[in-house]
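Letter by letter, the chains look like this.
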Amino acid sequence: MKKNIFCLFLCLSVLSFAEDFEDFEQEFSFEVYDPLRGYNEVMTSFNLGFYKYVARPVSKAYGYVTPDFVRYGVRNFTSNILMPLRFINNALQFKFKEAGTELKRFGVNVVFGFFGFIDAASKTNIPKYPADFGTTLAHLGVGSGFHLVLPFLGPSNLRDTLSLPINWYSSPTGYIDPFLLSVGVNSYIIMNDMSFELDTFDEIYFNTPNIYPFLRDAYEKRRIEMSK
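One structure accompanies this document, and this report is about it. (Residues numbered from 1 in each chain as written. Predicted model: local features only at pLDDT ≥ 70, side-chain atom pairs only at ≥ 80, totals over all residues. Heavy atoms only, no water.)

### Looking at unusual backbone geometry
1) Next: A cis amide bond links D177 with the next residue in sequence, P178, at an omega value of 5°.
2) Next: Despite not being glycine, F114 has its phi angle at roughly 55°, a positive value.
3) Next: Mapped onto the secondary structure, F114 falls in the loop between helix 6 (96-112) and helix 7 (120-123).
4) Next: Residues other than glycine seldom take positive phi values, yet F152 does so here, at roughly 75°.
5) Next: Mapped onto the elements of the fold, F152 is located in the loop between strand 1 (147-150) and strand 2 (154-157).
6) Next: For F152, a relative accessible area of 46% gives the class partly exposed. (Helix = DSSP H or I, 4+ residues; strand = E, 2+ residues; numbered from the N terminus. Buried < 20%, exposed > 50% of the residue type's maximum accessible area, 1.4 Å probe, protein only.)

### Some points on a nonpolar patch on the surface
1) Next: A cluster of nonpolar residues, F114, F115, F117 and I118, forms a patch on the protein surface that exposes about 450 Å² of accessible area.
2) Next: Along the chain, I118 turns up in the loop between helix 6 and helix 7. (Patch = residues over 30% accessible without salt bridge, like charges linked within 9 Å, V, L, I, M, F, W, Y side chains within 5 Å. Areas by Shrake-Rupley, 256 points an atom, 1.4 Å probe, with all protein chains shown as cover. Salt bridge = Lys/Arg side-chain N within 4 Å of Asp/Glu carboxyl O.)

### Concerning the packing of helix 4 (residues 68-81) against helix 10 (residues 179-194)
1) Next: Taken N-terminus to C-terminus, the directions of helix 4 and helix 10 make an angle of 120°; their axes are 10 Å apart at the nearest point. Put simply, helix 4 runs oblique to helix 10. Note on packing geometry: the crossing formed by helix 4 with helix 10 is left-handed. In contact with R71, V74, R75 and T78 of helix 4, helix 10 contributes Y188, I189, N192 and D193.
2) Next: Residue composition of the contact of helix 4 with helix 10, by class: 3 nonpolar, 2 polar and 3 charged. (Axes fitted to C-alpha atoms, helices over the stretch in contact; angles between N-to-C directions. Parallel < 35°, antiparallel > 145°, perpendicular 65-115°, else oblique. Left-handed = near helix turned anticlockwise from the far one by under 90°. Contact = heavy atoms within 4.5 Å. Nonpolar A, V, L, I, M, F, W, Y, C, P; charged D, E, K, R; others polar.)

### Here we look at helix 5 (residues 83-92)
1) Next: Every buried residue belonging to helix 5 is among M83, L85, R86, N89 and N90, and all of these are buried. In an axial view of helix 5, the angular spread of the buried residues amounts to 165°, which keeps them on one side of the axis.
2) Next: Contacts from the buried residues of helix 5 go to helix 4, helix 6, helix 8 (133-139) and helix 9 (158-169).
3) Next: Directly beyond the C-terminal end of helix 5, a positive phi value near 65° is found at F94. (Arc of directions from axis to C-beta.)

### Considering the pairing of strand 1
1) Next: Burial along strand 1 is two-sided: the face carrying H147 and V149 and the face carrying L148 and L150 are both buried.
2) Next: Bridging between strand 1 and strand 2 involves 4 bridges; their strand directions are antiparallel. Note on strand 2: the bridge partner recorded for H147 is N157.
3) Next: In sequence, strand 1 turns back onto strand 2 through a hairpin of 3 residues, with F152 there showing a positive phi of about 75°. (Pairing = 2+ DSSP bridges.)

Purely geometric numbers; function is a separate question.
Written out as structure tokens, the structure is:
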């Protein structure tokens, strides 16, 4: 059962993919190792159905009844508490300047952003440097392995999937006890983040021809860019 919770963390990277959607509206010049394409296409269809009939209606209803300041506050706070994940993995990639900036962002948001509910760091042009253990391995030369679509969560690959447990325990949300409470908290974080991106998800899922290769190539390209 814990494996499913590890997988919840990947959804955050899927959301970051949605934020960068415009960067992926192009043809890609690289090939993705995809020996499981038949399975991946079936799982992509399953995930599209889950989004259409479950995730989208729930997130849309949540966004309708929840004030914007609450949703923004939750998003800012959860992004701030994920600082250890970004800090550790930037440091492991020898990006010490970026790791230091993550500490600076955290301090500014805690002190001037009411413990992170306001993103004061971004307002003062302190950047955020996304990183996780999958990008660390990629930066150190570990290949992605075969492409793999995870149930409910979408595109991944062998390297990133095997990195999920380490990503989980690099974040404070990985230590919430009891276990069912951690399930609820992380599910809520995902739903809250998704409520901001429904239009982008709709554009991707409902208006993109050949959706599977698009998602696959976009995911792999994004991961390559993050690992540089």
